[in-house]
Amino acid sequence: MHLEIITPDKKVFAGEANAVTLPGTEGQFQVLNRHAPLVSTLGKGDVVVDTGAAKQSFVIDGGVVEVLNNKVLVLAEAVL
């Protein structure tokens, strides 16, 4: 799936990922390839991106995520 992590200032990450773990406001959840459409609010916490070869982690300060057509868009308030 294609993943983008964007803040009001810049694009933090853009690329392919096998899995993304997100800090939802009601708890942590994971998005995998071909996930059902989803919109959710995000709390402060770690966004863990699994690209298959490596894992990257970004700490965000809240935001929103949209999952649609195998694309994941994370609109983060800020990356700490």
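Rules used in this analysis
Residues numbered from 1 in each chain as written. Predicted model: local features only at pLDDT ≥ 70, side-chain atom pairs only at ≥ 80, totals over all residues. Heavy atoms only, no water. Helix = DSSP H or I, 4+ residues; strand = E, 2+ residues; numbered from the N terminus. Rg over C-alpha atoms; globule rule 2.2 N^0.38 Å. Buried < 20%, exposed > 50% of the residue type's maximum accessible area, 1.4 Å probe, protein only. Contact = heavy atoms within 4.5 Å. Lys, Arg positive; Asp, Glu negative; His and termini not counted. Charge placed at Lys NZ, Arg CZ, Asp CG, Glu CD. Pairing = 2+ DSSP bridges. Axes fitted to C-alpha atoms, helices over the stretch in contact; angles between N-to-C directions. Patch = residues over 30% accessible without salt bridge, like charges linked within 9 Å, V, L, I, M, F, W, Y side chains within 5 Å. Areas by Shrake-Rupley, 256 points an atom, 1.4 Å probe, with all protein chains shown as cover. Salt bridge = Lys/Arg side-chain N within 4 Å of Asp/Glu carboxyl O. Core = buried A, V, L, I, M, F, W, Y, C linked by side-chain atoms within 4.5 Å.

A. Seen up close, the overall build of the protein. Secondary structure assignment for the protein yields 0 helices and 7 strands. Its helices and strands taken in sequence order, the protein reads β-β-β-β-β-β-β from the N to the C terminus. Here the protein has a C-alpha radius of gyration of 11 Å; the compact-globule value for 80 residues is 12 Å, and the two agree. The dimensions of the protein, computed from C-alpha atoms along their principal axes, are 25 × 25 × 20 Å. Out of the 80 residues belonging to the protein, those deemed buried represent 36%. Across the protein, the fraction of contacts at a sequence separation of at least 24, relative to all contacts at a separation of at least 6, is 41%. Where the 6 positive side-chain charges of the protein centre and where its 9 negative ones centre are 6 Å apart.

B. Spotlight on the sheet that holds strand β4 (residues 27-32). Taken in spatial order, the 7 strands make up an open sheet running β2-β1-β7-β6-β5-β3-β4, and their pairing is mixed. A strand with exactly one partner marks an edge of an open sheet, and here the two such strands are β2 (11-16) and β4. Averaged over all pairs of adjacent strands, the angle between strand axes in this sheet comes to 30°, irrespective of strand direction. Relative to strand β6 (residues 55-68), strand β5 (residues 38-50) is paired through 12 bridges, and the arrangement is antiparallel. When the sheet's bridge partners are listed, Val 49 is paired in β6 with Gln 56.

C. Seen up close, a nonpolar patch on the surface. Among the surface-exposed residues, Val 39, Val 64 and Leu 75 lie close enough to one another that they form a single nonpolar patch of about 250 Å² accessible area. Note that Val 39 resides in strand β5.

D. Looking closely at the nonpolar core. The biggest cluster of nonpolar side chains holds 18 residues, and the ones touching the most others in it are Leu 3, Ile 5, Leu 22, Val 49, Val 72 and Val 74. If you list the elements that add at least two residues to this core, you get β1 (2-6), β3 (19-24), β5, β6 and β7 (71-76). Sort the elements by how many residues they give to this core and β6 lands first, with 4 residues. Discounting chain neighbours no more than four positions away, the residues touching Val 72 are Met 1, His 2, Leu 3, Glu 4, Val 31, Val 65, Glu 66 and Val 67.

E. Structural detail: the pairing of β2. Relative to β2, β1 runs antiparallel, the two being bridged by 5 bridges. Note on β2: the bridge partner recorded for Glu 4 is Ala 14.

F. Seen up close, the environment of Val 64. Tracing the backbone shows Val 64 in strand β6. Val 64 sits in the partly exposed class, given a relative accessible area of 35%. Sequence-wise, Val 64 and Ala 76 are 12 residues apart; in three dimensions their C-alpha atoms are separated by 6.5 Å. Setting aside residues up to four positions removed in sequence, Val 64 forms contacts with Val 39, Ser 40, Thr 41, Leu 42, Leu 73, Val 74 and Leu 75.

Function cannot be inferred from these measures alone, as they are strictly geometric.
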